[in-house]
Amino acid sequence: MQVSKSVRFSFTPPCARFRAQSERKPDTRSNPTQRSWAPRWDGCRFDGRRTSGAASSWRLGAGADSVSTSSRVPLPQSPLEMISGAREAVQRGLDAGRNRQRLQLILPVNEKQYDFLASDPVDYPCNLKTEFESCCSLVKAIMEGVTGKTEFLSKRLDQGGVEGEPCCAIYPETKDFVAVVFPTSDRLNDLKSLAKGDTPLLMVNCQWNDSGQVISDFGFGPWKKAADDFLNTFENTYLLTEQRIGSPGSIDPVTGQRFITGGVLRVLLSYPSQYEVYAMATNGANQYLSTFDHKPTYQELDQLLVDARGAKLEIFDVARKASAVTSAFQGKDEEGGGESKAEAVDSGSIEGRPSDSEIDAMDVTTLRRYLTAKDLPTSGRVVKLKERLKEAFKGET
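In what follows, the accompanying structure is described.

About the criteria used
- Residues numbered from 1 in each chain as written.
- Predicted model: local features only at pLDDT ≥ 70, side-chain atom pairs only at ≥ 80, totals over all residues.
- Heavy atoms only, no water.
- Buried < 20%, exposed > 50% of the residue type's maximum accessible area, 1.4 Å probe, protein only.
- Helix = DSSP H or I, 4+ residues; strand = E, 2+ residues; numbered from the N terminus.
- Pairing = 2+ DSSP bridges.
- 1 Å grid on protein atoms, 1.4 Å probe; cavity = no way out; pocket = protein on both sides within 12 Å on 5 of 7 lines; lining within 4 Å.
- Points joined across faces, edges and corners; volume = space filled by probe spheres on them.
- Nonpolar A, V, L, I, M, F, W, Y, C, P; charged D, E, K, R; others polar.
- Expected span 1.5 Å × (residues − 1).
- Salt bridge = Lys/Arg side-chain N within 4 Å of Asp/Glu carboxyl O.
- Axes fitted to C-alpha atoms, helices over the stretch in contact; angles between N-to-C directions.
- Contact = heavy atoms within 4.5 Å.

## Thoughts on the pairing of strand β13 (residues 275–280)
Note on strand geometry: in a regular strand, side chains alternate between the two faces of the sheet.
Step number 1: With six of six residues buried, β13 is to be regarded as a mostly interior element.
Step number 2: Going residue by residue along β13, you find Y275, V277 and A279 tucked away on one face and E276, Y278 and M280 tucked away on the opposite face as well.
Step number 3: In terms of strand pairing, strand β12 (residues 263–270) meets β13 through five bridges, oriented antiparallel. Note that in β13 the partner of R266 across the bridge is Y278.
Step number 4: The turn linking β12 back onto β13 is made up of four residues.

Structural data, given as structure tokens:
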């Protein structure tokens, strides 16, 4: 689907639902190059636009009548953008006196190892150990930006080995900043010990489930209340999550197409902003849908999708057609794949030297962009690409 830069699609929902009227009123603007129409929902509007570049750079956002583009936090397009956003949010939290913080990150593993914006799951996902190591790399990169330090120690809080659920604490030698990666309900006492005093403490990608169950991972009654009272002292400062609603990848028996129902959403929170919801397509296209003053539930996101589909948003046509294209090419860019199909970048457009932790957190698309900028080969396994890029930056200041 081609979308001209001069065309703008507009609408804005309230937080929970759209109330559409049948009338479409023309959207008159002073700029004659912008042709647009705006379905009306209680005086609100969404608008979408496509940025220049490859398909993965599609960004469709809300218009000024809802949440202004300038006031919204951009959806991260790569692991490095997520790391940068998390650093800034953590620092804002610390400046506001929030020394206990909670982060939730999308890990660059499985399909997101190759393209961070990918939303089609792979057939054979990685194991928990790979996810844990990926999260540790992200956390070290975030801590580098916040603390200004580059060397960190780590201590396993679980029993270690290949069995059980991994969990570790990451901290500099001075121990004046601590992050706990993959904390579980069994590690609650460890968290309480680390939370003593004013040392900044991050909980990253918590593994417990404290809602939607008759009995939570923390038990019930006074045990659950005691756990909740402690965990509520942590401020959500940065959350980037992906939620599949329904079965968007299923083939419709009538039309033979995918993405007819349901959808893939990403929810972004960057302290002190609110929760922003984006609809995703398999080619990386994304469109802002709505803002919540609380973490939206599955039911709220489901209703938001129903209303957005009723509004016939462009993102769903893009997602449907993109899924047909990506299905045809799925698996051709695997770990031992050939040269990158990603758009080449000029070497002058990349500034600064990424740290080893940042390189370890990169997806393949970002790795190949850096390698292309340095006129280096972009083929090979992911591990080899990372080694090649680290070697290229060795000795640079």
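## Some words on the layout of surface pockets
Step number 1: Put simply, the second largest pocket is a space of about 1200 Å³.
Step number 2: Only β6 (100–104), β11 (235–245) and α5 (298–310) provide two or more residues apiece to the lining of the second largest pocket.
Step number 3: Among the elements that take part in the lining of the second largest pocket, β11 stands out by supplying seven residues, more than any other.
Step number 4: For the lining of the second largest pocket, the per-class residue count stands at 17 nonpolar, eleven polar and eight charged.

## Notes on helix α2 (residues 128–147)
Step number 1: Here α2 is 20 residues long and its end C-alpha atoms lie 28 Å apart, about the 28 Å a rise of 1.5 Å per residue gives.
Step number 2: If you check which residues of α2 are buried, you get F132, S134, C135, C136, S137, L138, V139, A141, I142, M143, E144 and V146.
Step number 3: Phi for G148, located one or two positions after α2, is positive at around 80°.

## So, the pattern of salt bridges
It is possible for side chains of opposite charge to pair when their charged atoms get near one another.
Step number 1: Tallying each qualifying case throughout the model produces 14 salt bridges.
Step number 2: The salt bridge involving D158 is made with R156; its shortest N-O contact spans 2.7 Å.
Step number 3: Among the salt bridges present, the one from D356 reaches R353, with a minimum N-O distance of 3.8 Å.
Step number 4: Looking at D356, the relative accessible area reads 40%, which means it is partly exposed.
Step number 5: Put simply, E111, K112, E242 and R266 are held in one network by salt bridges that share partners.

## Brief notes about the sheet that holds strand β8 (residues 168–171)
Step number 1: In space, the nine strands of this open sheet follow the order β7-β8-β9-β10-β6-β11-β12-β13-β14, with mixed pairing throughout. Two strands lie at the open edges of the sheet, namely β7 (153–156) and β14 (286–292), each paired on one side alone. Averaged over all pairs of adjacent strands, the angle between their axes in this sheet comes to 20°, without regard to strand direction.
Step number 2: Examined bridge by bridge, strand β9 (residues 178–181) and strand β10 (residues 201–204) share four bridges and lie parallel to one another. Bridged to V178 within β10 is L201.
Step number 3: The strands touched by α2 are β6, β7, β8, β9 and β10; relative to β8, the strand with the most contacts, the crossing angle is about 25°.

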